[in-house]
Amino acid sequence: MSEVVKNRPRYGVMRLIDATGYRLPLAGVVSILHRISGMLMFLLLPFILFLLDKSLTSEVSFAELQAFTSGIFVKLVILALIWAFLHHFCAGVRHLIMDLHYGLDKHTARKSAASVLTVSVALAALVGLKLFGVF
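This text gives an overview of the structure that appears in the document. Keep in mind it's a predicted model, so treat the numbers as computed, not measured.

1. Regarding the environment of F85
Structurally, the position occupied by F85 is in helix α5 (residues 72-99). Expressed as a C-alpha distance, the spacing of F85 and S37, which sit 48 residues apart in the sequence, is 6.9 Å.

2. A look at helix α6 (residues 106-131)
Between the first and last C-alpha of α6 there are 37 Å, a value that for 26 residues agrees with the 38 Å anticipated at 1.5 Å per step. Buried-residue contacts for α6 involve α2 (26-43) and α5. Just downstream of α6 lies G133, where phi reads positive at about 80°.

3. Thoughts on the environment of H34
Note that H34 resides in helix α2. Considering only alpha carbons, one finds H34 and K54, 20 residues apart in sequence, at a separation of 29 Å. Setting aside chain neighbours within four positions, we find H34 in contact with H87, H88, A91, G92 and H95.

4. A closer look at the nonpolar core
Formed by M41, L44, F47, L51, L65, V74, I78, L81 and A84, the largest nonpolar core amounts to nine residues. Taken together, the elements giving at least two residues each to this core come down to α3 (45-57) and α5. Among the elements that line this core, the one with the most residues is α5, at four residues. Filtering out sequence-adjacent residues up to four positions away, L51 remains in contact with L65, F68, T69 and I78. By size, the runner-up hydrophobic cluster in this structure holds five residues, among which are V30, C90, A113 and V116.

About the thresholds
- Residues numbered from 1 in each chain as written.
- Predicted model: local features only at pLDDT ≥ 70, side-chain atom pairs only at ≥ 80, totals over all residues.
- Heavy atoms only, no water.
- Helix = DSSP H or I, 4+ residues; strand = E, 2+ residues; numbered from the N terminus.
- Expected span 1.5 Å × (residues − 1).
- Contact = heavy atoms within 4.5 Å.
- Core = buried A, V, L, I, M, F, W, Y, C linked by side-chain atoms within 4.5 Å.
- Buried < 20%, exposed > 50% of the residue type's maximum accessible area, 1.4 Å probe, protein only.

What follows is the structure, given as structure tokens:
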């Protein structure tokens, strides 16, 4: 009666590598991206404050800031920050609407998640085109 089963699965213990086998619904992807975008904005806050300080100190520092932000890498970082803000804002509005108990069924939640992704990427692309001087 006291036989110990050695190869039985352990429930409740999940490693990060186990999470790669799951296929999340679109609403889950939007939720995770909402958390990632919030973390990205928080981590880039010193960079944002540095840019604000440089732009407001003097005319010379503003000219230095223009030269600094003309690089492609800095523009990509700024574009990532813009996407993070736009996605976080759109997903936050979606979550607030869901807090009012609208759009909780599966079909509507999927449509609202798809609209959040579409709107945030489209707005970020539009701002990115302006940032890189297309128009």
